[in-house]
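Now for the letters of each chain:
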Amino acid sequence: MNTLTRWLRHLWFDAADSRRCLTRAGLQRLEDAVTRSEARHLGELRVCVEGGLDLAHLWRGVDTRDRALDLFSQLRVWDTEHNNGVLIYLLLADRRIEVLADRGLARLVPESQWRALVTELSHALRDQSVEDGLMQAIARVCELLRMHHPASPQVRRANELPNSIMLI
């Protein structure tokens with residue numbers, strides 16, 4: 001996508017588009033899915049949907065991955081007890097998804113598997129509704145977390161990050 005087209009798409013999309021793509025009931029279903037997921041493993045999951053980047057980000061040439069890394073830090077996904085937080089980030093203007101995992105999970109899952117997961121989810125989001133695609137993303141990340149960081153009765157688990165879906 002050329003720069004001018006990208007800028008126009010981002011200036012067109014905003015937080016209202018994030019709110020329009022998910023109903024209130026859909027947001028609740030996604031939040032419930034995160035809560036159910038976290039009961040099955042020791043990881044922490046955050047989901048963020050952003051309409052478009054602001055002018056400052058566009059001017060600096062921030063891409064979807066850069067923005068996801070920035071939010072990973074801002075939302076303190078990296079700051080969990082077991083270093084196994086995961087951010088699922090969707091940028092509507094670019095129609096791109098990023099899944100970022102902290103070092104406690106990232107070191108256990110090959111990069112090729114993360115890329116395959118993102119590709120699969122990108123297709124799901126293009127072919128289905130945003131809610132369905134995000135539900136699929138939550139389920140796939142839950143599988144990885146259950147495999148590598150399963151819930152354990154010996155480990156007391158606090159909910160370290162909000163389960164709400166962040167719309168920006």
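Here, the structure is the one placed above.
Attention in this report is confined to the structure presented alongside it. (Residues numbered from 1 in each chain as written. Predicted model: local features only at pLDDT ≥ 70, side-chain atom pairs only at ≥ 80, totals over all residues. Heavy atoms only, no water.)

A few words on the overall build of the protein. A tally of regular secondary structure across the protein gives eight helices and four strands. Sequence-ordered secondary structure for the protein, helices as α and strands as β, is α-α-α-β-α-α-β-β-α-α-α-β. For 168 residues, the compact-globule formula gives about 15 Å, and the C-alpha radius of gyration of the protein, at 16 Å, lands near that figure. Projected onto the principal axes, the alpha-carbon positions of the protein cover approximately 55 × 35 × 25 Å. In the protein, buried positions account for 45% of the 168 residues. Long-range pairs, those at least 24 residues apart, make up 73% of the contacts in the protein with a sequence separation of at least 6. For the protein, the accessible surface area stands at approximately 8,900 Å², while carbon and sulfur atoms represent 52% of it. (Helix = DSSP H or I, 4+ residues; strand = E, 2+ residues; numbered from the N terminus. Rg over C-alpha atoms; globule rule 2.2 N^0.38 Å. Buried < 20%, exposed > 50% of the residue type's maximum accessible area, 1.4 Å probe, protein only. Contact = heavy atoms within 4.5 Å. Areas by Shrake-Rupley, 256 points an atom, 1.4 Å probe, with all protein chains shown as cover.)

Right, let's get into the pairing of strand β3 (residues 96–101). Burial of β3 is extensive: five of the six residues sit out of reach of the surface. Sheet analysis places strand β2 (residues 85–91) next to β3, joined by six bridges and oriented antiparallel. Within the sheet, the bridge partner assigned to Leu91 lies in β3 and is Arg96. If you look at the hairpin formed by β2 and β3, you'll find four residues sitting between the two strands, and Arg95 has a positive phi there, around 50 degrees. (Pairing = 2+ DSSP bridges.)

Let's shift gears to the packing of helix α7 (residues 111–127) against helix α8 (residues 130–148). Relative orientation of the contacting elements α7 and α8 amounts to 160 degrees, with a least axis distance of 8 Å. As far as their axial angle goes, α8 and α7 are roughly antiparallel. In this structure, the crossing between α7 and α8 has a hand that is right-handed. Contacts from Gln113, Trp114, Leu117, Glu120, Leu121, Ala124 and Leu125 of α7 reach α8 at Val130, Gly133, Leu134, Gln136, Ala137, Arg140, Val141 and Leu144. Tallied by class, the residues present in the contact of α7 with α8 amount to ten nonpolar, three polar and two charged. (Axes fitted to C-alpha atoms, helices over the stretch in contact; angles between N-to-C directions. Parallel < 35°, antiparallel > 145°, perpendicular 65-115°, else oblique. Left-handed = near helix turned anticlockwise from the far one by under 90°. Nonpolar A, V, L, I, M, F, W, Y, C, P; charged D, E, K, R; others polar.)

Bringing the sheet that holds strand β1 (residues 44–50) into the picture now. Strand order in this open sheet of four strands is β3-β2-β1-β4, and the pairing throughout is mixed. Looking at the sheet topology across the chains shown, the edges are occupied by β3 and β4 (165–167). The average undirected angle you get between the axes of adjacent strands in this sheet is 15 degrees. Lying on the sheet, α7 is in contact with β2 and β3; it crosses β3 at an angle near 145 degrees.

Bringing the side chain of Thr80 into the picture now. Of note, Thr80 is situated in the loop between α5 (64–74) and β2. Judged by its relative accessible area of 5%, Thr80 is buried. When sequence neighbours within four positions are dropped, the list of residues in contact with Thr80 reads Glu44, Gly85, Asp102, Glu160 and Leu161.

Read these as layout, nothing more, since geometry by itself doesn't imply function.
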